[in-house]
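Understanding the architecture of this molecule
The residues making up each chain are set out below.
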Amino acid sequence: MQVTYLDAFSAWADFRTLVDTTVQEGGLRNIAEVGAGANPLFSAAFAESIDGSYHLIDSSAEELRKAGPGYIIHVLDIQKDISSLDQQFDLIIAQMTLEHISDPKSFFENVHQLLRPGGKVCLFFASVTSLPMLVNKFLPDSLSRRILLKIQPFRQNEKHGKFTAFYRWCFGPTRNNIRNFENAGFGVDRYTGYFGHSYYERFPLLNLLEKKKTAWLLKHPQPGLCTYGQVVLSKK
Ligand SMILES: C[S@@+](CC[C@H](N)C(=O)[O-])C[C@H]1O[C@@H](n2cnc3c(N)ncnc32)[C@H](O)[C@@H]1O
């Protein structure tokens, strides 16, 4: 297992690179994105051009509608009955979805079932160990939404909705979280823990302190204090 710690500044671009590299290295052709919602990682044009298939899975038909036309879509709750999906994939992607899963055991059981032997999973999730996420977890949704819109007004955009978050199994590369993935039937190939958060950009002093904290954590990594995690798993 390769464990790395990075500044969260590049996390979004890094995830796209991580998925592209995983696809290329493994020659993966059939891909599903769980919780793709309004913002699938790949465009419909790109999905059509690949030698394989790209399926979007989401419990919300409304969110999938926002993704636009041209995708193969499946409206289903990944924690429940997935028998309507009678196929297996080489790769399952979940970006900003694991946080919203109340029952990660069922989630990973179904992900495991949807993968062919040796298939891969690429996860990108926010971790509950940062202050903005703690606020999001513990304040009522209506209040945390009002605070979020003050800090990130772009979230008003219909493609950046807010969903109830549980943050279960959403930690940096802690021993416990690695064990969670292993006990669910996966090998952990890569685990990147990110430090820092852009939530403070509108508050110069807080932002400066956040940058200083990030620089310190990059020198002295604490897996329990990561703001995001990116993980590549292999089905055992
Ligand atoms: C924060 S959005 C992330 C959307 C997109 N992946 C992105 O990065 O912008 C979370 C998505 O997960 C979906 N979701 C939440 N729980 C789900 C479940 N149990 N099964 C399938 N999708 C789920 C939501 O409907 C929503 O579209």
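A brief report on the enclosed structure follows. Keep in mind the model is a prediction, meaning the values are calculated, not measured.

Some words on the overall build of the protein
Within the protein, the regular secondary structure consists of eight helices and eight strands. On the principal axes, the C-alpha backbone points of the protein span a range of 50 × 40 × 30 Å. When contacts within the protein are restricted to residue pairs at least 6 apart in sequence, those whose partners lie at least 24 apart make up 72%.

Some details on the pairing of strand β7 (residues 186–195)
Regular strands show a simple pattern: their side chains alternate between the two faces of the sheet. In terms of burial, β7 is a largely internal element, seven of the 10 residues being buried. Two elements, strand β1 (residues 2–7) and β7, share six bridges in a ladder whose sense is parallel. What sits directly across from T4, in β7, is T192.

Quick word on the nonpolar core
Across soluble globular proteins, nonpolar side chains show a tendency to be buried alongside one another. Counting 52 residues, the largest nonpolar core has I92, I93, C122, L123 and Y228 as its most contacted members. Here the element with the most residues in this core is strand β6 (residues 115–126); it accounts for seven residues. The contact partners of Y228, leaving out residues within four places of it in the chain, are A8, A11, F124, F125, A126, S127 and Y194.

Thoughts on the site of the ligand
As a matter of local geometry, the ligand sits amid 18 residues, with G35, G37, N39, S59 and S60 nearest to it. Partitioning the shell around the ligand into residue classes produces six nonpolar, nine polar and three charged.

Notes on helix α1 (residues 11–26)
If you check α1, its first and last C-alpha atoms are 22 Å apart, about what 16 residues at 1.5 Å a residue would give, namely 22 Å. All of the buried residues in α1 are A11, F15, L18, V19, T22 and V23. Taken around the axis of α1, the buried residues stretch over an arc of 125°, which confines them to a single face. Of the residues in α1, the exposed ones pointing more than 90 degrees away from the buried face are A13, T17, Q24 and E25. Buried residues along α1 sit in contact with β5 (89–95), β6, β7 and β8 (228–235). Count one or two residues on from α1 and you reach G27, which has phi positive near 55°.

Analysis parameters
Residues numbered from 1 in each chain as written. Predicted model: local features only at pLDDT ≥ 70, side-chain atom pairs only at ≥ 80, totals over all residues. Helix = DSSP H or I, 4+ residues; strand = E, 2+ residues; numbered from the N terminus. Contact = placed C-beta atoms within 7 Å. Buried ≥ 20, exposed ≤ 12 C-beta atoms within 10 Å, placed from the backbone. Pairing = 2+ DSSP bridges. Core = buried A, V, L, I, M, F, W, Y, C linked by C-beta atoms within 7 Å. Near = placed C-beta within 6 Å. Nonpolar A, V, L, I, M, F, W, Y, C, P; charged D, E, K, R; others polar. Expected span 1.5 Å × (residues − 1). Arc of directions from axis to C-beta.

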